[in-house]
Amino acid sequence: MSGRTIEVANPRTGAVDYRFEAADEAGLAKLAARLRAAQNGWAVRSIEDRCQALLGWADAIERHKDAIAAALEIDTGRRRIARLEVEGAIASIRGWAAGAPHLLPKPQWVEGRMNPAIRHQAQDVPYALTGVISPWNFPLTLSLIDTIPALIAGSAVIVKPSEVTPRFAGPLSAAIAEAGLSDLLAFAPGDGATGAALIDEVDVVCFTGSVPTGKKVAVRAAGRLIPAFLELGGKDPLIILESADMDRAVTAALRGSVLSTGQACQSIERIYVARKLYPAFLDRLVSAAEAVRFNWPDINSGEVGPMIFARQADIIAGQLEDAVARGAKILTGGKIERHGGGYWIAPTVLTDVTHDMAVIREETFGPILPVMAFDSVEEAVRLANDTVYGLSAAVIAGTIEEAESVGRQLEAGAVTLNDAALTALFHEAEKQSFKQSGLGPSRMGAAGLLRFFRRKALIAQTGAPAPLSAFCEG
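Since this is a predicted model, take the numbers as computed values, not measurements.

A.B. asks: Please explain unusual backbone geometry as it appears in this structure.
C.D. replies: What is expected of a backbone is that most residues other than glycine have negative phi and most peptide bonds are trans. A cis amide bond links W296 to the next residue, P297, at an omega of 0°. Within the fold, P297 resides in the loop between α10 (278-290) and α11 (310-325). Despite not being glycine, N418 shows a phi value in the positive range, around 60°. Within the element layout of this structure, N418 appears in the loop between β19 (414-417) and β20 (434-435).

A.B. asks: Explain empty space enclosed by the protein to me, please; I cannot follow it from the model alone.
C.D. replies: Empty space among the atoms becomes apparent when a probe as large as a water molecule is rolled across them. As enumerated under the stated definition, the model contains two cavities of 30 Å³ or more in all. Together, 14 residues line the largest cavity, and L230, E231, L439, P441 and R443 are the ones closest to its centre. Only β9 (228-231) and β21 (438-439) provide two or more residues apiece to the lining of the largest cavity. Top element by residues in the lining of the largest cavity is β9. It accounts for three residues. Here the lining of the largest cavity is composed, by residue class, of four nonpolar, five polar and five charged. Here the second largest cavity is characterised by a volume of approximately 60 Å³. Surrounding the second largest cavity, 15 residues form its lining, P237, Y389, S392, E411 and A412 being those nearest its centre. Every element with two or more residues in the lining of the second largest cavity is listed here: β10 (236-240), α13 (377-385), β17 (389-390) and β18 (392-396). Per-class residue counts for the lining of the second largest cavity are seven nonpolar, four polar and four charged.

A.B. asks: Even after reading the chapter, I still don't get the packing of aromatic side chains, so can you show me in this structure?
C.D. replies: Two aromatic rings are characterised by how far apart their centres lie and by the angle between their planes. According to the stated counting rule, one finds seven aromatic pairs in the structure shown. Measuring from ring centre to ring centre gives 5.4 Å for W136 and F365, while their planes differ by 85°; the resulting arrangement is edge-to-face. Of the two residues, W136 sits in the loop between β5 (129-133) and α4 (139-144) while F365 sits in the loop between α12 (358-361) and β16 (368-374), which places them 229 residues apart along the sequence. The two residues W136 and F365 agree in class, both being buried. One aromatic cluster in this structure is built from W136, F309 and F365. When the ring centre of F138 is taken as reference, the NZ or CZ atom of R78 above it lies at 4.7 Å.

A.B. asks: Explain the side chain of T416 to me, please; I cannot follow it from the model alone.
C.D. replies: Counting through the fold element by element, T416 comes out in strand β19. You can call T416 buried: its relative accessible area is 5%.

A.B. asks: Just checking my understanding: could you explain helix α7 (residues 192-199) for this structure?
C.D. replies: In an α-helix, one turn spans 3.6 residues, which is why side chains three or four residues apart end up on the same side. If you check which residues of α7 are buried, you get T194, G195, A197, L198 and I199. Structurally, α7 contributes buried residues whose contacts are with α1 (25-44), β5, β6 (156-160), β8 (204-208) and α8 (211-224). For α7, the capping residue at the N-terminal end is D191, with a side-chain oxygen 3.2 Å from the backbone nitrogen of A193.

A.B. asks: Explain the pattern of salt bridges to me, please; I cannot follow it from the model alone.
C.D. replies: Charged atoms that come close allow side chains of opposite charge to pair. Under the counting rule described, the total for this entry stands at 31 salt bridges. Taking the shortest distance from any N to any O, the salt bridge between D124 and R455 comes out at 2.6 Å. Of the two residues, D124 is situated in strand β4 (residues 118-126) and R455 in strand β22 (residues 453-461); the sequence distance between them amounts to 331 residues. A relative accessible area of 26% places D124 in the partly exposed class. Residue R455 is classed as exposed on the basis of its relative accessible area of 56%. A salt bridge links E303 to R293, with the nearest nitrogen and oxygen atoms 2.7 Å apart. Of this pair, E303 sits in the loop between α10 and α11 while R293 sits in the loop between α10 and α11, and the two are 10 residues apart along the sequence. Accessibility expressed as a relative area gives 46% for R293, which makes it partly exposed.

A.B. asks: What is the right way to read α8 from this model?
C.D. replies: In this model α8 runs 20 Å from its N-terminal to its C-terminal C-alpha over 14 residues, within 8% of the 20 Å that 1.5 Å per residue would give. Here α8 has its buried residues at V211, G214, V217 and A221. Burial along α8 is one-sided: seen end-on, the buried residues are contained in an arc of 110°. The outward face of α8, more than 90 degrees from its buried face, is lined by the exposed residues P212, K216, V219 and G223. Following α8 by one or two positions, L225 adopts a phi angle in the positive range, close to 60°.

A.B. asks: Would you mind going over the nonpolar core with me for this structure?
C.D. replies: Most often, soluble globular proteins keep nonpolar side chains buried together rather than apart. L54, W57, I61, L140, I152, L172 and L449 are the most contacted members of the largest nonpolar core, which has 73 residues in total. Per-element accounting of this core gives the leading share, 12 residues, to helix α2 (residues 47-76). Beyond its immediate stretch of four places on either side in the chain, L54 contacts W42, I93, I148, L151, I152 and L181. Core analysis: the second largest hydrophobic core is formed by 31 residues, I268, F281, L282 and V371 among them.

A.B. asks: Where do I start with the state of the cysteines in this structure?
C.D. replies: A covalent bond bridging the sulfur atoms of two cysteines is what the word disulfide describes. Within the structure shown, the criterion is met by zero disulfides. No disulfide involves C51; its sulfur sits 18 Å from the nearest other cysteine sulfur, which is in C206. Here C265 stays unpaired: no disulfide links it, and the sulfur of C206, its closest cysteine neighbor, is 15 Å away. Looking at C265, the relative accessible area reads 14%, which means it is buried.

A.B. asks: Sorry if this is basic, but what is going on with the sheet that holds β6 here?
C.D. replies: Strand-to-strand pairing in sheets goes through backbone hydrogen bonds, with the strands running parallel or antiparallel. Reading across from one edge, β7-β6-β5-β8-β9-β21 is the order of the six strands in this open sheet, with mixed pairing throughout. Looking at which strands have only one partner, the edges of the open sheet turn out to be β7 (185-187) and β21. Sheet analysis places β8 next to β9, joined by four bridges and oriented parallel. Paired with V205 across the strands is A228, a residue of β9. Contacting β5, β6 and β7, α1 crosses the sheet at an angle of about 150° to β6.

So, how was this worked out
- Residues numbered from 1 in each chain as written.
- Predicted model: local features only at pLDDT ≥ 70, side-chain atom pairs only at ≥ 80, totals over all residues.
- Heavy atoms only, no water.
- Helix = DSSP H or I, 4+ residues; strand = E, 2+ residues; numbered from the N terminus.
- 1 Å grid on protein atoms, 1.4 Å probe; cavity = no way out; pocket = protein on both sides within 12 Å on 5 of 7 lines; lining within 4 Å.
- Points joined across faces, edges and corners; volume = space filled by probe spheres on them.
- Nonpolar A, V, L, I, M, F, W, Y, C, P; charged D, E, K, R; others polar.
- Phe/Tyr/Trp six-rings, centres within 6.5 Å; stacked < 30°, edge-to-face > 60°.
- Buried < 20%, exposed > 50% of the residue type's maximum accessible area, 1.4 Å probe, protein only.
- Lys NZ or Arg CZ within 6 Å of the ring centre and 35° of its normal.
- Contact = heavy atoms within 4.5 Å.
- Polar contact = N/O pair within 3.5 Å; in protein donor to acceptor, adjacent residues only side chain to side chain.
- Salt bridge = Lys/Arg side-chain N within 4 Å of Asp/Glu carboxyl O.
- Expected span 1.5 Å × (residues − 1).
- Arc of directions from axis to C-beta.
- Core = buried A, V, L, I, M, F, W, Y, C linked by side-chain atoms within 4.5 Å.
- Disulfide = S-S within 2.5 Å.
- Pairing = 2+ DSSP bridges.
- Axes fitted to C-alpha atoms, helices over the stretch in contact; angles between N-to-C directions.

That's the geometry; what it means functionally is another story.
In structure tokens:
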């Protein structure tokens, strides 16, 4: 540890109620050496044995789930989603443990096409040490989404959680210790400097966060010639076609934009509606948005929690100010509110928005719903693709087939059909990020495991080695 103390504010009260000591370069180097030493024995175990060990960890998390959820609740200012994160982590471990042994190809010798006497076989070798740098919006989920498959692959893992939401790491580490995995998985608390130092100690880095920080991670990883798997920001569009059911469209648009106070990279941040539906859709959307409640003062009520990171409130306020100055109209919401010392904003519906506004071009990370009308499918596709981001998107139509025909034209790694933001709820489909929304293989599906292996080729000569004279010029 560095002796450098970082203070953490409670998102519901605004008060600093937690402090921790950041890991420094020397501490990270010592931690990395300890995990590397244990990884040798971990990697030689069968994948079935590793899965069994992780099932023991899932059971330990189950025993500690109340403490982990309580810490997450303070970290994020929300209760139900905190519990869902813990339950989701347990389910993810058990799901990977059940499926992973069937994902690796069975080693077998293959005869060469040109020379059958030469055979080859693949050996999949895990990266020794994986570094995970996770964000503050889903602290547990995004700390473990890369960690679990990396461990199953045979890697050891160091996680650097966000300095904004670090409290959950303590009770989770207790579950790690109880499962006997402390020499293979450890948390290194700290800020950006800690994350940068971590990259210098690992063999592959997984980062979830903003595009600017992701570029810094990529550059530092490139300097060491190690892979960087990046899941970055989004500006996800939702296209509502003229044939769409209105109830479905309003329900999906509101949840897709507002769930978790919009603090999710795959939140819907732009809504394009067929002009014939536009007036009725706006009326219905505004009514639905106005019915949404804060979970204040009672955390057990309401659908919208506080802004987890106070600085995000300034970003949202700036985008709204820019939009209004350029001619946008706020139909509901639109103001940063203070309750109990925290920062809150109600679902905010905007009209008369244009693509030169920050609220359309930059990631918002809040419950802001800019709505535009379109006159043709071609125009809707053009507007949806007019972005530097390509994380995900959504299309709602009268049939799945019609939605699919439009979804195939969108430049995004995943497209939800007849709903919105399903990538937040469904983690089985492989997808990659397009444009500036990320880099590297999918963290979903089989690729989520296989990316933690390097492929070695064993090439066997079963005949006589070729003499030098076989290559004589004359």
